[in-house]
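# Residue-level structure breakdown
Letter by letter, the chains look like this.
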Amino acid sequence: MNLRYREKMAERKALLRTLHRDHAKAAEELTMLKSEILKSLQGESTFPKDVLSSMVSEAKRKCADLQTQLTAAQSAYDEGQVVMASLSAQ
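To start, this report covers the structure provided alongside it.

Procedures and definitions
Numbers given for residues are sequential positions, taken from 1 along each chain in its written order. A pLDDT threshold of at least 70 governs which residues receive local features in this predicted model, and a stricter bar of 80 or more applies before side-chain atom pairs are shown or counted, although totals over entire chains, interfaces and linings include all residues. Only hydrogens and water are removed before side-chain values are computed, so all heavy atoms of the structure are retained for them. The way it works is that DSSP assigns letters per residue, a run of H or I at least four long becomes a helix, a run of E at least two long becomes a strand, and they are numbered from the N terminus. Helix span is expected to be 1.5 Å times the residue number reduced by one. Partly exposed describes any residue whose relative accessible area lies between the buried limit of under 20% and the exposed limit of over 50%, with all areas from a 1.4 Å probe on protein chains only and scaled to the type maximum. Whenever a nitrogen or oxygen atom comes within 3.5 Å of another N or O atom, the pair is scored as a polar contact, on the condition that within protein one atom can donate a hydrogen and the other can accept it, and that pairs from neighbouring residues in sequence are kept only if both atoms are in side chains. Take the buried residues of types Ala, Val, Leu, Ile, Met, Phe, Trp, Tyr and Cys, join any two whose side-chain atoms come within 4.5 Å, and each joined set is a nonpolar core. Every residue pair with non-hydrogen atoms within 4.5 Å of one another is taken to be in contact.

## Topic: helix α2 (residues 49-89)
With 41 residues, α2 extends 59 Å between its outermost C-alpha atoms, agreeing within 8% with the 60 Å of an ideal straight helix rising 1.5 Å per residue. Considered for burial, the residues of α2 that qualify are Leu-52, Val-56, Ala-59, Cys-63, Leu-66, Leu-70, Ala-73, Tyr-77, Gly-80 and Met-84.

## With respect to the side chain of Glu-36
With respect to the helices and strands, Glu-36 occurs in helix α1 (residues 2-41). By relative accessible area, Glu-36 is classed as buried at 12%. In terms of polar contacts, Glu-36 uses its side chain to reach the side chain of Ser-45, at 2.5 Å.

## Quick look at the environment of Thr-31
Turning to its location among the elements, Thr-31 is positioned in helix α1. Since its relative accessible area comes to 52%, Thr-31 is described here as exposed. In sequence terms Thr-31 and Gly-80 are 49 residues apart; their C-alpha atoms lie 34 Å from each other.

## What to know about the environment of Lys-8
With respect to the element layout, Lys-8 can be found in helix α1. Residue classification places Lys-8 among the partly exposed positions, given a relative accessible area of 39%. Each C-alpha atom of the pair Lys-8 and Asp-22 lies 21 Å from the other, and the pair is 14 residues apart in sequence.

## Focus on the nonpolar core
In this structure, Met-9, Leu-16, Leu-19, Leu-30 and Leu-33 are the most contacted members of the largest nonpolar core, which totals 16 residues. Secondary structure elements with two or more residues in this core: α1 and α2. A total of 9 residues in this core trace back to one element, the largest contributor, which is α2. Residues in contact with Met-9, not counting those within four places in the same chain, are Tyr-77, Gly-80, Gln-81 and Met-84.

Treat this as a map of the structure, not an account of what it does.
Written out as structure tokens, the structure reads:
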């Protein structure tokens, strides 16, 4: 049981790393799109404002979804750490 739980915790940790990376990437994309909106407002962007607006909305939704998944994965990992500590104490 202990070995199987360790494997499960390794999977949780890998998921957490992946979600952190994906969230950081999505947040970076959102920041880039916001700076492109500024360029658009200044007349320096080739993208139409409505296209940028749509892309920003999608990027915000993606960031929010990833943040929700990240929070759930972190909670599951933290709970697993508590279980692992109790298993180790036995």
